[in-house]
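# Observations on chain architecture
So the chains spell out like this:
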Amino acid sequence: MSVDFNTVAKEFCNFYYQQFDSDRSQLGNLYRDQSMLTFETSQLQGAKSIVEKLVELPFQKVAHRISTLDAQPGSPSGDILVMVTGELLIDDEQNPQRYSQVFHLIPDGNSYYVFNDIFRLNYS
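Here goes a summary of the coordinates provided.

Criteria and thresholds
Residues numbered from 1 in each chain as written. Predicted model: local features only at pLDDT ≥ 70, side-chain atom pairs only at ≥ 80, totals over all residues. Heavy atoms only, no water. Pairing = 2+ DSSP bridges. Helix = DSSP H or I, 4+ residues; strand = E, 2+ residues; numbered from the N terminus. Axes fitted to C-alpha atoms, helices over the stretch in contact; angles between N-to-C directions. Contact = heavy atoms within 4.5 Å. Polar contact = N/O pair within 3.5 Å; in protein donor to acceptor, adjacent residues only side chain to side chain. Core = buried A, V, L, I, M, F, W, Y, C linked by side-chain atoms within 4.5 Å. Buried < 20%, exposed > 50% of the residue type's maximum accessible area, 1.4 Å probe, protein only.

## Observations regarding the sheet that holds strand 5 (residues 97-108)
- In space, the six strands of this open sheet follow the order 2-1-6-5-4-3, with mixed pairing throughout. Across the chains shown, the open sheet's two edge strands, defined by having one partner strand only, are strand 2 (42-45) and strand 3 (62-73). Ignoring which end each strand starts from, the neighbouring axes of this sheet average 15 degrees apart.
- Of the strand pairs in this sheet, strand 3 and strand 4 (residues 80-90) are connected by 11 bridges, and their pairing is antiparallel. Within strand 4, the position partnered with threonine 68 by the bridge is threonine 85.
- Along the sheet face, helix 1 (residues 5-23) touches strand 1 (31-39), strand 3, strand 4, strand 5 and strand 6 (111-122) and points at about 160 degrees away from the line of strand 3.
- Against the sheet, helix 2 (residues 47-56) engages strand 1 and strand 2, with an angle of about 40 degrees to strand 1.

Here you go:
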């Protein structure tokens, strides 16, 4: 069975950002013990540490708006690389912050988990 990596990437990002924006404490099932997050200058490994970092972020409300989403096959094993750029609306701020995020998705049964997650705010 051939997987449409673009469709998987779009569906994953829609789910991820909807979950992040509504209740980021529930993102743990998308990561594994070997998963790694680089968030700005912090590097964390393991689902528990990653979710703790995301929950600790200093805002209550957030909304992600995707501007671009690019995907490629990551290897012959079926993994997928995803590059996202977009805007974050945080709390009651009127001016969005631009961000870039890369996901390395690994097949796991009928779904995928995040092996690598790299997030950066883009300052101009």
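## Observations regarding the pairing of strand 4
- Here strand 3 folds back onto strand 4, and the loop between the two strands holds six residues, one of which, glycine 78, carries a positive phi near 100 degrees.
- In terms of strand pairing, strand 4 meets strand 5 through nine bridges, oriented antiparallel. Bridge assignment links methionine 83 to a residue of strand 5, and that residue is valine 102.
- If you look at the hairpin formed by strand 4 and strand 5, you'll find six residues sitting between the two strands, and aspartate 91 has a positive phi there, around 50 degrees.

## Observations regarding the environment of arginine 24
- Residue position: arginine 24 is located in the loop between helix 1 and strand 1.
- In sequence terms arginine 24 and valine 62 are 38 residues apart; their C-alpha atoms lie 10 Å from each other.
- If we ignore the near neighbours within four places in the chain, the residues touching arginine 24 are Gln19, Val51, Leu54, Val55, Leu57, Phe59, Gln60 and Val62.
- Only 3.3 Å separates the side chain of arginine 24 from the backbone oxygen of leucine 57, close enough to count as a polar contact.

## So, the nonpolar core
- Judged by nonpolar contacts, the single largest core of 32 residues is most densely connected at Tyr16, Tyr31, Leu54 and Phe103.
- Secondary structure elements with two or more residues in this core: helix 1, strand 1, helix 2, strand 3, strand 4, strand 5 and strand 6.
- Examining the composition of this core, we find that seven residues originate from one element, helix 1, more than from any other.
- Ignoring any residue separated from it by four or fewer positions in sequence, one finds leucine 54 in contact with Tyr16, Phe20, Arg24, Leu27, Tyr31 and Leu37.

## With respect to the side chain of serine 100
- Assignment of secondary structure puts serine 100 in strand 5.
- A distance of 2.8 Å separates the side chain of serine 100 from the side chain of asparagine 122, its partner in a polar contact.
- Discounting chain neighbours no more than four positions away, the residues touching serine 100 are Met83, Val84, Thr85, Ile118, Phe119, Arg120 and Asn122.

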